[in-house]
Amino acid sequence: MSVTRDRWMTRVSALACTAALGLGACQSHGKKDEGGNAEAGDAGSPDGRSAPAKDDRIPAISGSAVGLQPGYLEGALMSASWRAGAMQEVLQSLPMSPREAKDLAEIGMVLGADPRVDDVLAHLGIDPNARISMSARPVVTWVAELQQAVATDSPALRELREHARGGHHEYDDVIEEIPSQQIEPVPTPEPAVVPLSPAAVALDRKAKSLGMHVRVHVPIASPGKLDHLISLTNQQLQSPKWATTCAALGPVRACGGQSDGVVVLRDVPGGLQVDLLLAFTGDYEHPDDEFRRAAIQQALAAPAVSAAPTLAALRGDGVLLVDGPNTVTLLQAAALSRAVRSLTDDYDDGEWAQHLRERSDVITRLHETERMFEGVSVELQLDGDSAVATGKWLPTALGRQRMAEVFELTKIDADVPSVAALCDGALICGRSRGLPDRKRFASLATGIYADPELLQRSLDRHENDGAAVLFLETWPNAIGTLARLPGNTIKPPESFVVQNVIDVTSRVLGAGFSIRSLHEARHTVTGDWVGYARMSAADLSAVTGFLQMVDSRLSPASIPEVPGRVEFTPIPDNEVPGNFYAIYDPSAATGDWGWAALADSDDRVRWLAGLAHDDGAAPLLYLEIGDLWRLVASFDEGRRELGFAQSWLSRRWVRGQVNLGEGGAPEVRMAMGKLD
């Protein structure tokens, strides 16, 4: 029977909500039947509880701390270092398309060694066991003065704006094209150019001096081997635009730049130091002025960090730390610099300047709240074909105090298929346990986070800056905003439906899926796959009620291998054929429970019912791709675009998980390796 497009979309939306039940904020509301359902080798405890979930598919990073490095600056928003030899091995192991190989060959001609096969580090005199380090800090010397000028529309700012607009005249426009032979040319007087006052000039140049200072330290074991490369670099950098600054810096190996930045290479004890001053806005006529000159001189004198316990404690072949507050400082300065530039642009109609001023305000409002975190760190460890990475959010003082209150997980015994059972032999798989109750985050929804509509509008208009602040610092506050939904954003009766969906989702004990195979043919995807959400029988009945509201009627299904009552309805999507199943477990002493499942066929539901179970308590979220090439080759476009990388991708797996680390803060682990 055919349906209209609107009804079809409604059905798909309802089924999508059902499939996503396990991805919401969940908490425990019961446990499995005392009888258990564990198989041999995964047995439950004598009292009938499920076997504890194992967390052993991604190892933790080990080794000694890296410590502070010469390239780490005081006040940096980003600091990173990596063992030179490890990175060279990674780069030489990665597959390359013909175009990338050609580009790398051209770089090799400049270096005098082929990066694809040669030991470039030995060629350049760099110890493979030494660490290259770098950091970046905001250059915001004049921010306070510029903020005051924009807020008060200072005389100097008004002068800049009027001067820019005075350069456009009516006689510059051609209103009607007249053949030149019909009239004699009429000379037009040149408009008088009123020079800017010293205050206006200074304000303009201060805005153009805001930017970012990047420092890179390269350890050198054999200094002379880099001379040729440095000489070539100096030839590329040299420019009359920066002649005054470069001449004033004293002995340097290379110096020069463009309208928006200057680069300086200097010898330092134990290596080569590269300092880059990059301005947010370019100055094509006078890039080398006294304010930028002062900024680069201050950059060269900027000290290395002397005390940073969190940064010094990082381990691995590669480490990275991004500081949230300093990143916010950079984003605000960039918005301010571009706002001043826009205000003084004769082609700007005022809307863009207003957008930039609003951007700075949104960044401030997103940042200035009760923050749980103040940045992230990443550690990477390499071992041949294997790699392990750990990412952690860095708690604030408030975060350390409230971590358990917000993120503590309720103990559960969800009685669900184990990660190993779902993933062994799978193409793609995943599992999630009950997440922290979103209501625990509600107290963090203050300021802009207390208004869902305002938060959404702000993020829509300034999505890149907003995403950075949320990712580094305030995503728990955004979850607190979600705890207020639907609120006034949706009116009755729709709000009642939304609230019921949210309530059902919040009570899901856990969810998982296993895609055993995929095949694409004529834009239709088929395969062997199944996904489930574990919940109470009452909530499962509510889900089937939602489906009936969109005309998806369930019929009885007979699957003897699946205990309990089973109902199903086809998925209304010809591109992904399959069924929705409502599986009601036999009544148990702990209550009535069930499964909302999506599967390609009854056979996959039988397979799911026969898997070994555990309590589903760990990890918080787990995802795995069992074979990258099998996944890529499942699609025609993938085979065409990535055929050159088949040998590298074949039998290579990727795993990722989220769990609560030391102190209760969330952390992300990822691993990659080759099947034996």
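Scoring rules and cut-offs
- Residues numbered from 1 in each chain as written.
- Predicted model: local features only at pLDDT ≥ 70, side-chain atom pairs only at ≥ 80, totals over all residues.
- Heavy atoms only, no water.
- Helix = DSSP H or I, 4+ residues; strand = E, 2+ residues; numbered from the N terminus.
- Contact = heavy atoms within 4.5 Å.
- Pairing = 2+ DSSP bridges.
- Salt bridge = Lys/Arg side-chain N within 4 Å of Asp/Glu carboxyl O.
- Disulfide = S-S within 2.5 Å.
- Buried < 20%, exposed > 50% of the residue type's maximum accessible area, 1.4 Å probe, protein only.
- Arc of directions from axis to C-beta.
- Polar contact = N/O pair within 3.5 Å; in protein donor to acceptor, adjacent residues only side chain to side chain.
- Core = buried A, V, L, I, M, F, W, Y, C linked by side-chain atoms within 4.5 Å.

### Let's talk about the environment of Ile502
Thinking step 1. Residue position: Ile502 is located in helix α18 (residues 494-506).
Thinking step 2. Separated by 16 residues in the primary sequence, Ile502 and Pro486 have C-alpha atoms spaced 8.9 Å apart.
Thinking step 3. Residues within four places of Ile502 in sequence aside, it is in contact with Arg438, Leu485 and Pro486.

### A few points about the pairing of strand β13 (residues 524-536)
Thinking step 1. Two strands pair when backbone bridges link them, and strand β12 (residues 510-521) and β13 are joined in this way by eleven bridges, in the antiparallel orientation. Note that in β13 the partner of Ala521 across the bridge is Thr524.
Thinking step 2. Linking β12 back to β13 in an antiparallel pair, the connection comprises two residues, with Arg522 at a positive phi of about 55°.
Thinking step 3. Here β13 runs beside strand β17 (residues 593-599); their pairing, made up of seven bridges, is antiparallel.

### Brief notes about the pattern of salt bridges
Pairs may arise between side chains of opposite charge once their charged atoms sit close together.
Thinking step 1. Applying the stated criterion to the full structure yields 30 salt bridges.
Thinking step 2. Between Glu473 and Arg371 there is a salt bridge, with its nearest N and O atoms 3.9 Å apart. Taken together, the positions of Glu473 in helix α17 (residues 463-482) and Arg371 in the loop between α13 (351-367) and β8 (373-383) put the pair 102 residues apart, joining distant regions of the chain.
Thinking step 3. Several salt bridges share partner residues, and in doing so they unite Arg57, Asp424, Glu624 and Arg655 into one network.

### Focus on the state of the cysteines
Thinking step 1. In total, this model carries two disulfides according to the counting rule given.
Thinking step 2. Bridging Cys246 to Cys255, the disulfide has an S-S length of 2.0 Å. When the S-S torsion is -80°, as for the bridge of Cys246 with Cys255, the disulfide is left-handed.
Thinking step 3. By relative accessible area, which is 16% here, Cys246 ends up buried.
Thinking step 4. On the basis of relative accessibility, which here comes to 7%, the residue Cys255 falls in the buried class.
Thinking step 5. Counting only the cysteines that take part in disulfides, in the order they occur along the chain, gives the pairing 1-2, 3-4.

### Details of helix α16 (residues 452-461)
Thinking step 1. Burial in α16 covers these residues: Pro452, Leu454, Leu455 and Ser458. Along the long axis of α16, the arc covered by the buried residues comes to 165°, so they all point the same way. Residues of α16 that are exposed and point more than 90 degrees away from the buried face comprise Gln456 and Asp460.
Thinking step 2. Its side-chain oxygen placed 3.2 Å from the backbone nitrogen of Glu453, Asp451 serves as the N-cap of α16.

### Focus: the nonpolar core
Thinking step 1. Core analysis: the largest hydrophobic core is formed by 37 residues, its most contacted members being Met78, Leu146, Leu203, Met372, Phe373 and Phe407.
Thinking step 2. For this core, the element with the most residues is helix α12 (residues 324-343), which contributes six residues.
Thinking step 3. The contact partners of Met372, leaving out residues within four places of it in the chain, are Leu394, Pro395, Thr396, Gly399, Arg402, Met403, Val406, Phe407, Leu444, Glu473 and Pro476.
Thinking step 4. Counting 31 residues, the second-largest nonpolar core is a separate cluster that includes Cys423, Trp595, Ala599 and Val605.

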